[in-house]
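A look at the structure
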2 protein chains.
Amino acid sequence: MPEPTTLPSQTRDSVLVCLTHQEPREYRIVVQAGLLQRVGEECVQILEPNSKILILTDSNLEAKYLPLVQKSLESAGFLVSSCVVPAGEESKSLAVAQKVFEAALKANLSRKDTILGLGGGVIGDLAGFCASTWHRGMNLIHVPTTLVAQVDSAIGGKTAVNFGQVKNMVGTFYQPRAVLADPETLQTLPPRELSAGLAEVVKYGLIETSCTGESGFFNWLFEHSGNLKAVFSQMIHRCACIKASVVMQDETETRGLRHFLNLGHTFGHAYESLSEYGILHGEAVAIGLEQATRLSVHLGVFPQSAYEQLAPLLSRLGLAESLKRQTSYPPDALLVAMRQDKKNLGNHIRLILPEQAPGRVVVRTDVPDSLILQVLGGQ
Amino acid sequence: MPEPTTLPSQTRDSVLVCLTHQEPREYRIVVQAGLLQRVGEECVQILEPNSKILILTDSNLEAKYLPLVQKSLESAGFLVSSCVVPAGEESKSLAVAQKVFEAALKANLSRKDTILGLGGGVIGDLAGFCASTWHRGMNLIHVPTTLVAQVDSAIGGKTAVNFGQVKNMVGTFYQPRAVLADPETLQTLPPRELSAGLAEVVKYGLIETSCTGESGFFNWLFEHSGNLKAVFSQMIHRCACIKASVVMQDETETRGLRHFLNLGHTFGHAYESLSEYGILHGEAVAIGLEQATRLSVHLGVFPQSAYEQLAPLLSRLGLAESLKRQTSYPPDALLVAMRQDKKNLGNHIRLILPEQAPGRVVVRTDVPDSLILQVLGGQ
């Protein structure tokens, strides 16, 4: 036998496997009012002509959007089927994923076909998980219909289902072929859900510079906060830019940059947990943003004047009641919950904190418990 | 608001997300007699010290290998737990994956911990699927204990479970951190299973040149076929080189090269299917190799003299009885089964066929049915 020397660094008893992705993977996040009616036209530019599309949506959206989207896709020549799952977090499970796989099997979907997730974060995460694993990966299109999904969960390639009471325990990193966001879907969103989503938007204002080098989004939000609905498209577009920038620099959460997206979340998770998820995620994030910023002021790393813009901004976005709930729980219990956050390093609570000016953040693991307790107590 | 121009190709209503893997991903396939006793020492070089390892194995191997491997890992400082699933193809299911996830939850495995698959193809595929999705991807180590797993399924990053009677329907592409193959495990493999694995080894002899540019493995196998056990390590090493070479050039089956690995498989799948999986995969591959080669001789693209080495080689490897079974089914029914192969393009049966000399193959979709039927009939 010739020496097995084809591959340069093979030794007598081991073979080196070295893998590189040579082609960059690209996709577009399109933000356009009325896009839902034109989904078919967008998909024609991306997907194989006359291929199959399975629309995944939930029971709340079925009547509202499914016929519209299905018609648009069929007019564009696609073979469309649909799978409707119960609305709500419970659908983010392996059991419901199995229902989606059954629909994929029935529709005989191949690797060249597509799953299109039409809905909020639950639908997006579930559609992504199923598309990433069916035939070891098929096409995925996100059509997010909530604010949180449009500015956050549909962008970046995180897919997941929950497992054994733990959120997002089973999932993949898997990028969609496109994200198609129609801001008009937000006009009929329940006000509470919209406000919760706006907390994540404010978060982008507070991390923009650290993520992209740009600034000004926080002030822009403050200026337009009286009538944000008039500028929803611009707002979503800017959030998508910031999120996309982070994901491009740290796709699989290995380089630290993606941590910035957790501003307000370590505080927030404690409130979500103690309220037994009676507080919406975005409402908890609003509390967390206010507390993280106040903590930075106490530490002397963030200007009081900028902090004083934040509470009024959150209030104008419908989050005043949420902010008031921050003193509903004993600080001690909140601190215990913060310690359980999986993003901590060992015993140190890892906090993302605003610094210098709105837009800039820093990671800190050295904040004394006494100061955290003070902030949790509303001081 | 400043123009959202951080990212060069952003337009007013869409954001371009462009992702590249900057770091190459590397891992080693180690082939060493006695490696099973030294698994811990190998893992220490790759994994985080004192991290957790969940060993996944099956009920047939539990008594035979689990204590040995567990002891080696514990001596090296790892925190070891185990999950034993029933031996057999039925364990490649979402239901059993859920059992593995339960074990992962119980062991509180984080992204920095490891699932180690100790077993054959079923265990490797299942371990890979679970490791690729737990926390969106944790460390994976393959310790293959069958010949097919050592030369084929543990290399290349394909993970899967079956779904709805369809093999490998749900899975991922996910590379392990290492493949640790101990040829000594083959000494106790049932002869039938060993012979089936050797059919895949012969396949490597017939595709070597097209995959790596090298040649000589087929002749080497022929020369050593009287006492292959004496050269198992070298044999496995060479197969691993060839498979690794293919995977490096075509990781996710998008460039065609990976098709070469299917030599003999289109014929073989038809026999597997008609025997209702009473014929082992490797046994069916042996039939497929013989038929594909005979077809090439009929087409005038492969030398008769080289073809005449093949049947004696397969016979010496214990596959004579398998070859005889090729006329047990009506050629018509076999052709129908071949048409259903998912690797076909439209109506054309896609065949990988030997060409010129052992080691070279070509993809053909233009072989007339009459000739395929003749070959299926043993002519």
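These numbers come from a predicted model, not from an experiment. (Residues numbered from 1 in each chain as written. Chains lettered and ligands numbered in written order. Predicted model: local features only at pLDDT ≥ 70, side-chain atom pairs only at ≥ 80, totals over all residues. Heavy atoms only, no water.)

**Quick notes on the overall build of chain A**
The helix and strand tally for chain A stands at 13 helices and 11 strands. Relative to the 2.2 N^0.38 estimate, which gives 21 Å for 379 residues, the radius of gyration of chain A is 22 Å and therefore close to what a compact globule would have. For chain A, the residues scored as buried account for 58% of the 379 residues in total. For chain A, the exposed surface amounts to about 14300 Å²; the carbon and sulfur share of it is 50%. Charged side chains of chain A number 33 positive and 37 negative; the gap between the two group centres comes to 2 Å. (Helix = DSSP H or I, 4+ residues; strand = E, 2+ residues; numbered from the N terminus. Rg over C-alpha atoms; globule rule 2.2 N^0.38 Å. Buried < 20%, exposed > 50% of the residue type's maximum accessible area, 1.4 Å probe, protein only. Areas by Shrake-Rupley, 256 points an atom, 1.4 Å probe, with all protein chains shown as cover. Lys, Arg positive; Asp, Glu negative; His and termini not counted. Charge placed at Lys NZ, Arg CZ, Asp CG, Glu CD.)

**Digging into the pairing of strand β9 (residues 178-181) of chain B**
Residue and element names in this part refer to chain B. What you see with β9 is no split at all: A178 and L180 on one side and V179 and A181 on the other are buried throughout. Examined bridge by bridge, strand β2 (residues 25-31) and β9 share 4 bridges and lie parallel to one another. Bridge pairing in β9 links V30 to L180. Of the pairings in the sheet, the one linking strand β6 (residues 139-144) to β9 comprises 2 bridges and is parallel in character. Note on β9: the bridge partner recorded for I141 is A178. (Pairing = 2+ DSSP bridges.)

**Let's talk about the interface of chain B and chain A**
Between chain B and chain A, the residue contacts involve 74 residues of the former and 75 residues of the latter. Carbon and sulfur atoms make up 60% of the area that chain B and chain A hide from each other, which totals about 7200 Å². Taken together, chain B and chain A are joined by 2 salt bridges. One salt bridge in this structure joins A:E253 and B:R111, with 3.1 Å as the shortest N-O distance. (Contact = heavy atoms within 4.5 Å. Buried area = accessible area lost by both parts, 1.4 Å probe. Salt bridge = Lys/Arg side-chain N within 4 Å of Asp/Glu carboxyl O.)

**A few points about the pairing of strand β10 (residues 351-354) of chain B**
All names here are of chain B. Where burial is concerned, the two faces of β10 agree: the one with L351 and L353 and the one with I352 and P354 are both buried. With 4 bridges connecting them, β10 and strand β11 (residues 361-364) associate as antiparallel partners. Considered in β11, the bridge of P354 is made with V361. Taking the residues that link successive antiparallel strands as the turn, the β10-β11 hairpin has 6 residues, and the phi of Q356 there is positive, at about 65 degrees.

**Here's the deal with the relation of the copies chain B and chain A**
By a simple turn and slide, chain B fits onto chain A: the slide is 0.0 Å along the axis, the RMSD is 0.0 Å, and the turn is 180 degrees. Seen this way, the second copy is the image of the first under a two-fold rotation axis. By residue overlap, the copies meet face to face through one surface: 100% of the interface positions of chain B are interface positions in chain A. (Least-squares fit on C-alpha atoms with pLDDT ≥ 70 in both.)

**What about the confidence of the model for chain A?**
All names here are of chain A. Mean pLDDT over chain A: 92, with 95% of residues reaching 70 or higher. Across residues 1-9, where pLDDT falls below 50, the model places 23 contacts with residues more than four positions away in sequence or in other chains. Here the complex is predicted with pTM 0.93, and the ipTM for its interfaces comes to 0.92. (pLDDT = per-residue confidence, 0-100.)

**Some thoughts on the sheet that holds strand β6 (residues 139-144) of chain A**
Ordered by their spatial adjacency, 7 strands build an open sheet running β4(A)-β3(A)-β5(A)-β6(A)-β9(A)-β2(A)-β1(B), and the pairing between neighbours is mixed. Two strands in the sheet have a free side with no partner beyond their single neighbour: β4 (79-85) of chain A together with β1 (14-19) of chain B. With strand direction ignored, the average angle separating the axes of adjacent strands in the sheet is 15 degrees. Contacting β3 (52-58), β4 and β5 (114-119) of chain A, helix α2 (residues 62-75) of chain A runs over the sheet at an angle of about 170 degrees to β3(A). Sitting on the sheet, helix α4 (residues 121-133) of chain A touches β3, β4, β5 and β6 of chain A, and the angle it makes with β5(A) is about 170 degrees. (Axes fitted to C-alpha atoms, helices over the stretch in contact; angles between N-to-C directions.)

**Observations regarding the packing of helix α6 (residues 191-212) of chain B against helix α8 (residues 232-249) of chain B**
Residues and elements named next belong to chain B. For the pair α6 and α8, the least separation of the axes is 9 Å and the interaxial angle reads 50 degrees. Classified by the angle their axes make, α6 and α8 are oblique. When you trace α6 past α8, the crossing you get is left-handed. Residues L194, L198, V201, Y204, E208, C211 and T212 of α6 form the contact with α8, whose own contacting residues are F232, M235, R238, C239, I242, K243, S245, V246 and Q249. Looking at side-chain class alone, the contact of α6 with α8 contains 10 nonpolar, 3 polar and 3 charged residues. (Parallel < 35°, antiparallel > 145°, perpendicular 65-115°, else oblique. Left-handed = near helix turned anticlockwise from the far one by under 90°. Nonpolar A, V, L, I, M, F, W, Y, C, P; charged D, E, K, R; others polar.)

**Points about the sheet that holds strand β1 (residues 14-19) of chain A**
Spatial ordering of the open sheet is given by β1(A)-β2(B)-β9(B)-β6(B)-β5(B)-β3(B)-β4(B), a layout of 7 strands whose pairing is mixed. The open sheet has two free edges, formed respectively by β1 of chain A together with β4 (79-85) of chain B, since each of these has just one partner strand. Direction aside, neighbouring strands of the sheet carry axes that sit 15 degrees apart on average. Pairing between strand β3 (residues 52-58) of chain B and strand β5 (residues 114-119) of chain B: 4 bridges, direction parallel. Among the inter-strand pairings, B:L54 is bridged to a residue of β5(B), identified as B:I115. Along the sheet, helix α4 (residues 121-133) of chain B makes contact with β3, β4, β5 and β6 of chain B, crossing β5(B) at roughly 170 degrees.

**Digging into the pattern of salt bridges**
All names here are of chain B. According to the stated counting rule, one finds 25 salt bridges over all chains in the structure shown. With a closest N to O distance of 2.5 Å, R339 and D369 form a salt bridge. Highlighted residues: R339 in helix α12 (residues 331-339) and D369 in helix α13 (residues 369-376), separated in sequence by 30 residues. According to the relative accessible area criterion, R339 is partly exposed, its value standing at 32%. D369 sits in the partly exposed class, given a relative accessible area of 31%. A salt bridge links D366 to R364, with the nearest nitrogen and oxygen atoms 2.7 Å apart. The exposure class assigned to R364 is partly exposed, which follows from its relative accessible area of 21%.

**Considerations on the side chain of A:K243**
Residues and elements named next belong to chain A. Along the chain, K243 turns up in helix α8 (residues 232-249). Engagement of the side chain of K243 in a polar contact is seen with the side chain of D152, the distance being 2.6 Å. Among all residues touching K243, those that are not within four sequence positions of it are V151, D152, I155, Y204, R258 and L261. (Polar contact = N/O pair within 3.5 Å; in protein donor to acceptor, adjacent residues only side chain to side chain.)

**Side note on helix α7 (residues 217-224) of chain B**
Residues and elements named next belong to chain B. Among the residues of α7, those classed as buried are F217, F218, W220 and L221. Take α7 and look down its axis: the buried residues cluster within an arc of 160 degrees, on one side only. Taken together, the buried residues of α7 touch α6, α8 and α11 (304-324). (Arc of directions from axis to C-beta.)

**Let's talk about the state of the cysteines**
In protein structure, a disulfide is the covalent linkage between the sulfur atoms of two cysteines. Residue and element names in this part refer to chain A. In this structure the tally under the stated criterion is 0 disulfides over all chains. The thiol of C130 is not disulfide-bonded; the next cysteine sulfur, from C83, is found 8.1 Å away. A residue is classified by how much of its surface remains accessible, and C130, at 0% relative accessible area, is buried. Here C211 stays unpaired: no disulfide links it, and the sulfur of C239, its closest cysteine neighbor, is 11 Å away. (Disulfide = S-S within 2.5 Å.)

**Section: the packing of α6(B) against helix α10 (residues 281-299) of chain B**
All names here are of chain B. Between α6 and α10, the shortest axis-to-axis distance is 7 Å and the interhelical angle comes to 35 degrees. Classified by chirality, the crossing of α10 by α6 is left-handed. For the pair formed by α6 and α10, the contact residues are R192, A196, A199, E200, V202, K203 and L206 on the first element and H281, G282, E283, V285, A286, L289 and T293 on the second. Grouping the amino acids of the contact of α6 with α10 by side-chain chemistry returns 7 nonpolar, 3 polar and 4 charged.

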